[in-house]
Amino acid sequence: MTDTKKSVHGAWSSRFAFILAATGSAVGLGNIWKFPYITGENGGGAFVMVYLLCVLLIGIPIMIAETMLGRRSQRNPVETMVLLTEEAGADKNWHYLGWMGVIAGVLILSYYSVIAGWASAYILKAFTGSFFDADAAAIKGIFDDFVGSPMQLIFWHSLFMVATMQIVARGVNKGLEKSMQLLMPALFVLMILLVAYAMTTESYFQGLNFLFKPDFSKLSSDSVLTAMGQAFFTLSLGMGSIMVYGSYLPKGVPIAKTTFIIAGADTVVALMAGIAIFPIVFANNLHPGSGPGLIFQTLPIAFGAMTGGWLMGILFFVTLVIAALTSSVALIEPVVAWLVENKGFSRQKACVWSGLATWLLGLGTVFSFNVWSNVKFFDRNIFQLLDYVTANLMLPIGGFCIAVFAGWIMKRENTEQELNMPDAAGYQAWKILISYVAPTAVFFVFLHVIGVL
Ligand code: PFF
């Protein structure tokens, strides 16, 4: 790509730093909080199967494409689309793709921060021994009291937003790289310990069955859409977040190989969360479809019952908050990068304004769980509506457009050069997936949901 305009971008220090940061963006509340609860709401095995298929056939090719777009332009998503549209001699309407991503990031972070606030509050609850010997009913009581209090939710949401903006203000390389190196191994170890605890419950196999034995009669068309939306959400795709990270990636790093590592790690963490949680759900006669509170109503039972559970509880929620932080910075980075690079804001000023706007929007989610729980649009409260519109609509639509752009609009020689795959068969496989399989799959799921198919 021509480098006429001086980039104000930073760059990752290495390929490993990019892998850490992109994995940090991918692994977050989506894996540990959202995956189990939507799996529970959508009947288990069949849903998980569709989700895994979507990751493989749609998610991975789009992740490769999105990273490639960012790296080629080395600019924020809005600028990326402007530059690459020009390079391909394509219609200017493609510019809107960058915009949609910026908006989706802010909308997602507004509720993401509220839930991350719950996880932060649970560090304190774990520390003060609230879960000690508590049964399922007591743990549910703690959760219900907590989300019923708008002031408490606002407090923790604010704290989390401030922490996010502090990191973003310092810049990607400095703020992110270091925290990730410690976080990922810690998260893996904790998940393994939780799975080990789940094995000791008498419902371990019931949990596994629920998660992996498909019963397609439980799969509605909306479940298929949710599974596809989750593939986008969990891999941070369709909104320019991976594009921004790709733009900091040094030229010459092999994109496809790197993508497999990131998507693989992300999937493993989600499945481990499921394997840890569902046995606890069944062992305590809880309902798998109990919604966004699921992990907050199950894991504390384990922490309250197991030896060393006090420390485990604290470590788990600390790790969850850090995992959420490394995702939230990725959600806000597209808008910050745009304000800095296009609007001439200083990084600090960009952080203050985007952070404030996101915080304010987040209040809608806070109130969805208490004072506004009856305020519904299309049968959904504000939180559910935001989640549906972003994860199930905006991200897949964004991903669809990215696939069409990479597969059909960009010149073959340019994608070939940028991906620089060692073997021709690998490139050809990607080209088929991105041009035909991924866009068609997204399109059919949408047709199915609106009842045309
Ligand atoms: N992938 C994150 C998670 O699973 O928690 C959420 C996310 C982060 C979505 C960044 C989109 C994004 F751009």
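Below is a short write-up of the structure.

What counts and what doesn't
Residues numbered from 1 in each chain as written. Predicted model: local features only at pLDDT ≥ 70, side-chain atom pairs only at ≥ 80, totals over all residues. Heavy atoms only, no water. Helix = DSSP H or I, 4+ residues; strand = E, 2+ residues; numbered from the N terminus. Rg over C-alpha atoms; globule rule 2.2 N^0.38 Å. Contact = heavy atoms within 4.5 Å. Areas by Shrake-Rupley, 256 points an atom, 1.4 Å probe, with all protein chains shown as cover. Lys, Arg positive; Asp, Glu negative; His and termini not counted. Charge placed at Lys NZ, Arg CZ, Asp CG, Glu CD. Axes fitted to C-alpha atoms, helices over the stretch in contact; angles between N-to-C directions. Parallel < 35°, antiparallel > 145°, perpendicular 65-115°, else oblique. Nonpolar A, V, L, I, M, F, W, Y, C, P; charged D, E, K, R; others polar. Near = heavy atom within 4 Å. Polar contact = N/O pair within 3.5 Å; in protein donor to acceptor, adjacent residues only side chain to side chain. Expected span 1.5 Å × (residues − 1). Bend = angle between axes of the 7 residues up to and from the residue. Buried < 20%, exposed > 50% of the residue type's maximum accessible area, 1.4 Å probe, protein only. Left-handed = near helix turned anticlockwise from the far one by under 90°. Patch = residues over 30% accessible without salt bridge, like charges linked within 9 Å, V, L, I, M, F, W, Y side chains within 5 Å. Salt bridge = Lys/Arg side-chain N within 4 Å of Asp/Glu carboxyl O. Phe/Tyr/Trp six-rings, centres within 6.5 Å; stacked < 30°, edge-to-face > 60°.

1. Observations concerning the overall build of the protein chain
- A tally of helices and strands in the protein chain yields 18 helices and zero strands.
- Against the 2.2 N^0.38 benchmark of 22 Å for 453 residues, the protein chain shows a C-alpha radius of gyration of 21 Å, consistent with a compact globule.
- The long-range share in the protein chain, meaning contacts at least 24 apart out of those at least 6 apart in sequence, stands at 83%.
- Counting every atom, the protein chain has about 17,400 Å² of accessible surface; 67% of that belongs to carbon and sulfur.
- The distance from the centre of the 25 positive side-chain charges to the centre of the 24 negative ones in the protein chain is 7 Å.

2. So, the packing of helix H2 (residues 29-41) against helix H16 (residues 382-409)
- Between H2 and H16, whose axes approach to 15 Å, the crossing angle comes to 95°. Considering the angle they form, H2 stands roughly perpendicular to H16. Contacts between H2 and H16 pair Trp33, Lys34 and Tyr37 from the former with Phe383, Asp387 and Ala391 from the latter.
- Here the residues of the contact of H2 with H16 sort into four nonpolar, no polar and two charged.

3. Examining the site of the ligand
- If you check the shell around the ligand, you find 14 residues, and the closest are Ala26, Gly30, Tyr112, Phe233 and Ser241.
- The contact in question runs from an oxygen atom of the ligand to an N or O atom on the side chain of asparagine 31, over 3.4 Å.
- The contact in question runs from a nitrogen atom of the ligand to an N or O atom on the backbone of phenylalanine 233, over 2.8 Å.
- In the complex, the protein chains occlude 100% of the 340 Å² of accessible area that the ligand would expose alone.
- Looking at the shell around the ligand, the elements with two or more residues in it are helix H1 (15-26), H2, helix H10 (221-234) and helix H14 (309-343).

4. Quick word on helix H18 (residues 424-449)
- Over its 26 residues, H18 extends 37 Å from the first C-alpha to the last, a length consistent with the 38 Å expected when each residue adds 1.5 Å.
- Of all the bends in H18, the greatest, near 40°, is centred on leucine 433.
- Buried within H18 are the following residues: Tyr427, Trp430, Lys431, Ile434, Ser435, Ala438, Pro439, Val442, Val445, Phe446 and Leu447.
- On its buried face, H18 sits against helix H3 (45-73), H10, H16 and helix H17 (412-419).
- Looking one or two residues past H18, glycine 451 carries a phi angle of roughly 85°, positive in sign.

5. Observations concerning the packing of helix H5 (residues 95-127) against H16
- Put simply, H5 and H16 touch, their axes get as near as 10 Å, and they point 150° apart. Considering the angle they form, H5 stands roughly antiparallel to H16. With respect to the hand of their crossing, H5 and H16 are arranged in left-handed fashion. Mapping the contact onto sequence places Leu97, Met100, Ile103, Ala104, Leu107, Ile108, Ser110, Tyr111 and Ile115 in H5 and Phe383, Leu386, Asp387, Thr390, Met394, Leu395, Ile397, Gly398, Cys401 and Ile402 in H16.
- A breakdown of the residues in the contact of H5 with H16 according to their chemical character gives 15 nonpolar, three polar and one charged.

6. Quick look at unusual backbone geometry
- Phi at glutamine 74 is positive, roughly 55°, even though this residue is not glycine.
- Residue position: glutamine 74 is located in the loop between H3 and helix H4 (77-88).
- The backbone of asparagine 285 sits at a positive phi, close to 55°, despite the residue not being glycine.
- Look at asparagine 285 and you get exposed, because its relative accessible area is 73%.

7. What to know about a nonpolar patch on the surface
- Residues Leu124, Phe127, Trp310, Leu311 and Leu315 make up a contiguous nonpolar surface patch of roughly 520 Å² in combined accessible area.
- Contributing elements (two or more residues each) for the nonpolar patch: H5 and H14.
- Ranked by residue count, the leading element in the nonpolar patch is H14, at three residues.
- Note on placement: leucine 315 falls in helix H14.

8. Description of the side chain of histidine 157
- Among the secondary structure elements, histidine 157 is positioned in helix H7 (residues 150-170).
- Filtering out sequence-adjacent residues up to four positions away, histidine 157 remains in contact with Ser110, Ser113, Val114, Gly117, Trp359, Gly362, Leu363 and Val366.

9. Section: H5
- In a regular helix each residue adds 1.5 Å, so 33 residues correspond to 48 Å; H5 covers 48 Å between its end C-alpha atoms and thus fits that length.
- Its maximal kink placed at leucine 109, H5 deviates by approximately 25°.
- A large share of H5 lies buried, amounting to 25 of its 33 residues.
- Residue glycine 129 follows H5 closely and has a positive phi angle near 75°.

10. Quick notes on the environment of asparagine 392
- Among the secondary structure elements, asparagine 392 is positioned in helix H16.
- Here asparagine 392 is in contact with Leu225, Thr226, Gly229, Asp387 and Phe446, once residues within four sequence places are set aside.

11. Considerations on the packing of aromatic side chains
- For the structure shown, the criterion picks out 29 aromatic pairs.
- Arranged with centres 6.3 Å apart and planes meeting at 50°, the rings of tryptophan 33 and phenylalanine 383 form a pair that is tilted. Separated by 350 residues along the polypeptide, tryptophan 33 in helix H2 and phenylalanine 383 in helix H16 bring together distant segments of the chain.
- By relative accessible area, which is 2% here, phenylalanine 383 ends up buried.

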